[in-house]
Structures are given as structure tokens and as C-alpha cells.
Amino acid sequence: MNRTVVGIDVGTTKICTMVAEVRPDGRVNILGIGLTPSKGLDKGVVVNIDDAVNAISTSVEKAERLSGYRIGTAYVGIAGKHVQSLNSRGVVAISRQDHEITGTDVSRAVESAQAVAIPTQREIIHVIPRAYIVDGHENIRDPVGMSGYRLEVETHIVTGEVMAIQNLIKSVERAGVIIDDLVLQPLASGQAVLTPEDKDRGVVLVDIGGGTTDIAIFIQGGIWHSVVLPVGGNHLTNDIVVVLHTPHNTAEYLKLKYGSAIAEEPEEGEDDTIKTESFAPGEQLEVSRYYLNQIIQARSEQIVELIATEIRRSGYDGLLPAGIVLTGGSSLLPRFDELVRDMLGMPVRIGSPTGLSGLSDAVDSPPYATGVGLVKWGMTHGLRHPSGGPLPGGEVGNWRNVYDRFKGWLREFLP
Ligand SMILES: Nc1ncnc2c1ncn2[C@@H]1O[C@H](COP(=O)(O)OP(=O)(O)OP(=O)(O)O)[C@@H](O)[C@H]1O
Ligand SMILES: [Mg+2]
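Just so we're clear, the structure is a prediction, and the values are computed from it rather than from any experiment. (Residues numbered from 1 in each chain as written. Chains lettered and ligands numbered in written order. Predicted model: local features only at pLDDT ≥ 70, side-chain atom pairs only at ≥ 80, totals over all residues. Heavy atoms only, no water.)

**What to know about a nonpolar patch on the surface**
Then step 1. There is a patch of nonpolar side chains on the surface, built from Val 242, Val 243 and Tyr 291 and spanning about 270 Å² of accessible area.
Then step 2. Relative to the elements of secondary structure, Val 242 occurs in helix H6 (residues 233–244). (Patch = residues over 30% accessible without salt bridge, like charges linked within 9 Å, V, L, I, M, F, W, Y side chains within 5 Å. Areas by Shrake-Rupley, 256 points an atom, 1.4 Å probe, with all protein chains shown as cover. Salt bridge = Lys/Arg side-chain N within 4 Å of Asp/Glu carboxyl O. Helix = DSSP H or I, 4+ residues; strand = E, 2+ residues; numbered from the N terminus.)

Structural data, given as C-alpha cells:
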């Protein structure tokens, strides 16, 4: 039987609900999407619950109508600058007499990795085992069945502020959807646009949306660093509003129609004047395209600087031969990829979700990386360990218990 999975990307500019099933050939068949402008969010975080609930409900209803599927539960993306990550190692002695490593040993090792001091106002979103070490032998991806005395696990732990997490959970649940799991947005996006080879070689995933720039660094197939920066395409638009004194809609229009991350002087004799609306009703504003793009380039450079600083801060800057994969709506800004390549001196490509069928035309572009990634995440991480326990290479759901997850699953079968 095909399994249906739902993802809800609660973004700063749009809410995107996606209903999908996984085909026997592994392709993700998109059954329905519900897209609506986001409300009640600022830089990836819920700031007005009522507005967020309305927007999420609209998006969910649209996806239900299109897919003919009643949405009971969903994987939901989380972001915001409150999110932090750290790497932690757990160690246990093998319990069985014959020293064969079991799933229980793996669970204990992962649990011991979580014994790090986490401030009371924060909670764990993910504990992702990356690699195992058996009696000092490193880089083991699946230790179950091996023999040894001592099992170590390297994990990537993602935490967020309790209140920000609760406000997101509340908004989704009030919209009538039970959360299967929260997934850090760049991890979801990575699931949609990165290949296993990218992750093996070493790659930086950068999802530039409206309010946030989400970064995840993968090396040797595992996640090593993740962070959410509170900057995005909205800053470009706001700069245009402030500098050119245009209404917000006009500024967004100018950016989408004439914007470029690299400002080019007009050729000799070329008139690059753009006529547009100003704040004063009925009054026209004239601006050169070169000037418009100087505004955009200045902020774009600042965003790339922040990305560069984060890559350096991670300490993995020398280990990323697969370079940078850009995704998210703002990666569509013309020449942004070129700017990143010039400033960072790394290979750069724009990543779109692949391996899709059904309504794939609607979602095979960068703004949908998180939504597609959420359903892919649900398909690979969901029922593999319904008990919520860890599996090698899997993720340990820890904020919601099995019973809650099952409640959500049952709800799909209610009339
Ligand atoms: N062709 C384009 N050129 C430039 N910018 C674009 C283009 N298309 C979309 N954008 C910008 O992308 C941003 C929206 O991206 P996206 O849909 O990925 O955001 P989001 O997921 O809602 O937000 P976030 O992830 O930051 O919470 C907007 O700022 C929009 O102006
Ligand atoms: Mg986004």
C-alpha cells in the first residue's frame, strides 16, 4: 500500500502544505499542494497565533481540496534564529555477554549523547546520530550486529526555545492538524535538493527564503552543522522601500522584475530608466535599473558575508568540495549564485526538488524545497521507527511520545 505523508512548510512569506505518497519505484508522487501567503510570522517565528492559525488552515484546506485527502497529521518545518545546534558524543559499554551490539546499545549510546547541559528555556528538536565508533574504529554507519566492547556515537543535536516551539505547535494544532514531528527547515530542504554524493563529499545547503537564511553542512553523509540566520529576501525588498520610497508591493515587483544581485552599469547610450509607482498616489517615480540593483547588491553581499562567516565559524570550511547548494525563493534572484561563487570561491549550484511525479511541475523549484523535503523526511524517518526509538542513521523523536504520534495516525481514519 502506498503511504501518504503530509508536510507543512510554515514559512515567513508563504505557508505550503504538501500531500504526497511514495511510489514503489521510490518517486514521490505529489497528490496536492495548498499555497497561501504567510501571516503572523516574523523571521521564521510565530508572532501572532491567530493570524498563523488562519493562514495554516487556509493552506491545509486548499491541499485537502486538491488532493481529496483528509489531513490528520503532518511533518512541520521549524526555523528561527532561536534554533541552535551542537555536536555531542555518547559512550556505552556493550551489554550482551557475547559483545554483539544490539539496537538497545545504540539507543543507550544516543541517550548518553543527550546528557549535555541544555538551559531550561530550550528543548531538543533533533538528536541525529551521524556515525558510530566501535572500540575506536571510526565512521561506522550501522553498528548493529558488530562485536565490540565499547560503542560511541557522534550526534548532531538541534535545540530551540521552548516558547517559540510551543507557539508553532499551537498554531498547527489549532488549525486541526496533529504534528508527526518537527523538522528543522534546512534539514528538510537538504532532503529535497541534495544527492547522497553531495552529502558524502561535503556540502553546504543554504535555503534563502523571505525572512531567514537556513544553513546545514553535511560531511561524510552526516549533518555536522546547522543554523538559521534572521535575514532573507524580505530585507532586499525593505531596502528598496526605504531607499526609493516606494510601497512594499512596488518594491517587491521591482525586485522580481528587474532585480539582480550584481549591478551592471548601462551600456553607453542605453536608457535603463524604470518608471514606477511612488508613495504619493498618482505620482510616477523614475529610477535607473543600475541604482535599483546597487541597492540589491549591497544587501546581497551582506547576506553572503553572513553565510561565509557561518561556514568559517563551523570550522568545516576546508572539507566542502561539493560546494554550496542554494535553494529557497531568494536563490532565484538573478546572478545571486554568481555573487556567492565570486565571494566564496566555492562551486555553487541552485537546487530544486527532484525525483517527483504527480503535480511535480508545481513544486520542482527552489521555494518548495522545504515542503518537498518535509514529505521526504516523513517517508524516510516516519514509520521506520514508530516506537520513537533510534535507528542507526535515523533521527530520534523525543518531544512527542508514541501515543501522541499514534493518535494522529488514527485520526486519519476517523469519519
Ligand atoms: N525570482 C525571484 N527573484 C528574487 N527573489 C525572489 C524570486 N522569487 C521569489 N523571491 C523571493 O523569495 C522570498 C520567498 O522565498 P521562500 O518562499 O523560500 O520563503 P519562505 O519559505 O516563505 O520564508 P522563510 O523560509 O524565510 O521563512 C521572497 O523574499 C521573494 O521575494
Ligand atoms: Mg522557507
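Picking up where we left off.
**As for unusual backbone geometry**
Then step 1. Of note in this structure, Asp 135 is not a glycine but carries a positive phi near 50°.
Then step 2. Of note, Asp 135 is situated in the loop between strand E8 (122–134) and strand E9 (137–140).
Then step 3. A relative accessible area of 35% places Asp 135 in the partly exposed class.
Then step 4. Phi is positive for Arg 335, close to 70°, though the residue is something other than glycine.
Then step 5. Tracing the backbone through its elements, the reader meets Arg 335 in the loop between strand E17 (324–327) and helix H9 (336–344). (Buried < 20%, exposed > 50% of the residue type's maximum accessible area, 1.4 Å probe, protein only.)

**Looking at the site of ligand 1**
Then step 1. Close to ligand 1 lie 20 residues, the nearest being Thr 12, Thr 13, Thr 212, Glu 252 and Lys 255.
Then step 2. Take Thr 12: an N or O atom from its side chain is 2.6 Å from an oxygen atom of ligand 1.
Then step 3. Separating an oxygen atom of ligand 1 from a side-chain N or O atom of Thr 13 is a distance of 2.5 Å.
Then step 4. Considering ligand 1 on its own, with 660 Å² of exposed area, one finds that the protein chains cover 88% of that surface.
Then step 5. Of the residues in the shell around ligand 1, the class split is four nonpolar, 13 polar and three charged. (Near = heavy atom within 4 Å. Polar contact = N/O pair within 3.5 Å; in protein donor to acceptor, adjacent residues only side chain to side chain. Nonpolar A, V, L, I, M, F, W, Y, C, P; charged D, E, K, R; others polar.)

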